[in-house]
Amino acid sequence: MAQQTAAQQEPQGSADVPRVQAAALTAFIKRAFEAAGLPSSDADIIAGLMVEADLRGSDTHGVIRLPLYLRRLKAGGVNPRPNIRIAREKPATALVDGDNGMGHLVMRFAAMTAIEKARHAGVGWVGARMSNHAGPAALYAMMPLAHDMIGLYLAVGSNNHLPPWGSTENLLGTNPIAIAIPAEEEPPIVLDMAPTVAAFGKVRLKMQRGEEMPVGWMIDRNGKPLTDPKHAEEGLLLPIGDYKGYGLSLIVGLLAGTLNGAAFGREVIDFVKEPGNATNTGHAIVAVSVEAFAPAAAFKRHVDAAIRHHERRSHAHAVAQQPRYRGPRSRHLAA
């Protein structure tokens with residue numbers, strides 16, 4: 001990992017973007033969290049996951065979030081030494097109480113719990129409450145892959161920027177969904193997407209870089225295209241597929257939030273505007289053992305074949321806009 005480089009994706013004309021070795025960045029983040037009161041072992045876990053996010057190309061959910069996390073810790077909005085525990089449990093399910101700890105720690109605990117349950121029951125569904133922003137969804141959907149399992153991750157966004165279909169009141173977040181499917185020789189398939197055309201983190205990144213947003217990301221309260229990210233708080237994100245994106249965000253919010261006793265809708269705390277308040281963020285992670293349905297090796301060979309067939313077809317019929325394949329050792333479809 002020491003030879004890998006973590007850097008934000010370069011905007012056009014920015015060849016001089018600073019680059020930092022991943023190991024050095026990890027050490028820096030760890031020291032920052034230790035100074036904020038986290039135990040060294042917890043700081044190390046979070047730092048590793050944040051740098052992994054950047055290395056995978058999720059530059060809106062990696063080190064760029066460090067100042068915000070530290071502000072929330074300093075303001076008392078996050079518990080630096082949580083007692084993360086299982087509050088309810090059945091053979092194939094569990095509900096995790098994160099004790100308002102860092103979301104990365106809560107979701108790592110939840111993912112490990114889901115994997116262990118899937119070993120015995122074939123599937124493990126674990127919900128989480130009293131958590132916080134946990135970085136990119138793919139990080140947790142991918143954790144079951146090493147165990148010949150399929151991963152599914154859902155979460156409630158940390159602020160609301162999407163209205164119900166036909167409304168102008170922001171009642172929904174960019175509630176993400178990620179699915180990871182193992183392969184044999186090919187890298188795994190990983191889908192990581194928001195139910196909106198663009199996640200709000202991408203809007204913030206445009207603001208930080210002084211770039212305009214593309215038409216189609218947001219509209220203002222009069223329904224006109226909004227391209228200046230400085231006015232994003234006054235606008236509305238657009239859902240993918242019109243009402244279908246709204247419906248997807250609603251369902252994800254109910255499964256990751258309401259089902260777990262976490263915040264949803266008007267209960268959601270904007271973690272940027274209210275750094276001193278607990279967000280009670282909700283998540284869900286599902287691990288599915290491939291062996292519960294078919295021999296893992298045979299399934300992964302079939303996934304290999306599907307990947308190769310689709311790649312041949314996409315190369316033969318290239319289009320201007322298509323999901324991006326990115327990140328080390330995965331077919332990461334980011335939307």
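Criteria and thresholds
Residues numbered from 1 in each chain as written. Predicted model: local features only at pLDDT ≥ 70, side-chain atom pairs only at ≥ 80, totals over all residues. Heavy atoms only, no water. Pairing = 2+ DSSP bridges. Helix = DSSP H or I, 4+ residues; strand = E, 2+ residues; numbered from the N terminus. Axes fitted to C-alpha atoms, helices over the stretch in contact; angles between N-to-C directions. Parallel < 35°, antiparallel > 145°, perpendicular 65-115°, else oblique. Contact = heavy atoms within 4.5 Å. Nonpolar A, V, L, I, M, F, W, Y, C, P; charged D, E, K, R; others polar. Buried < 20%, exposed > 50% of the residue type's maximum accessible area, 1.4 Å probe, protein only.

(A) Structural context of the sheet that holds strand β9 (residues 218–219). Sheet architecture is open: three strands sit in the order β10-β9-β11, paired in antiparallel fashion. Unpaired on one side and paired on the other, β10 (225–226) and β11 (236–237) mark the two borders of the sheet. Of the strand pairs in this sheet, β9 and β11 are connected by two bridges, and their pairing is antiparallel. Following the sheet pairing, M218 is matched in β11 by L237.

(B) Main features of the packing of helix α2 (residues 40–55) against helix α4 (residues 103–121). At a closest axis distance of 9 Å, the pairing of α2 and α4 adopts a crossing angle of 90°. Judged by the inter-axis angle, α2 sits roughly perpendicular to α4. Between α2 and α4, the contacting residues are D42, I45, I46, L49 and M50 on the first element and H104, L105 and R108 on the second. The class makeup of the residues in the contact of α2 with α4 is five nonpolar, one polar and two charged.

(C) Structural view of the pairing of strand β6 (residues 149–155). Counting buried residues in β6 gives five out of seven residues, a clear majority hidden from the surface. Both β6 and strand β12 (residues 281–289) contribute to a ladder of seven bridges, which runs antiparallel. Bridging across to β12, L152 finds its partner in V286. Note that β6 and strand β7 (residues 177–181) share four bridges and pair antiparallel. Among the inter-strand pairings, L154 is bridged to a residue of β7, identified as I177.

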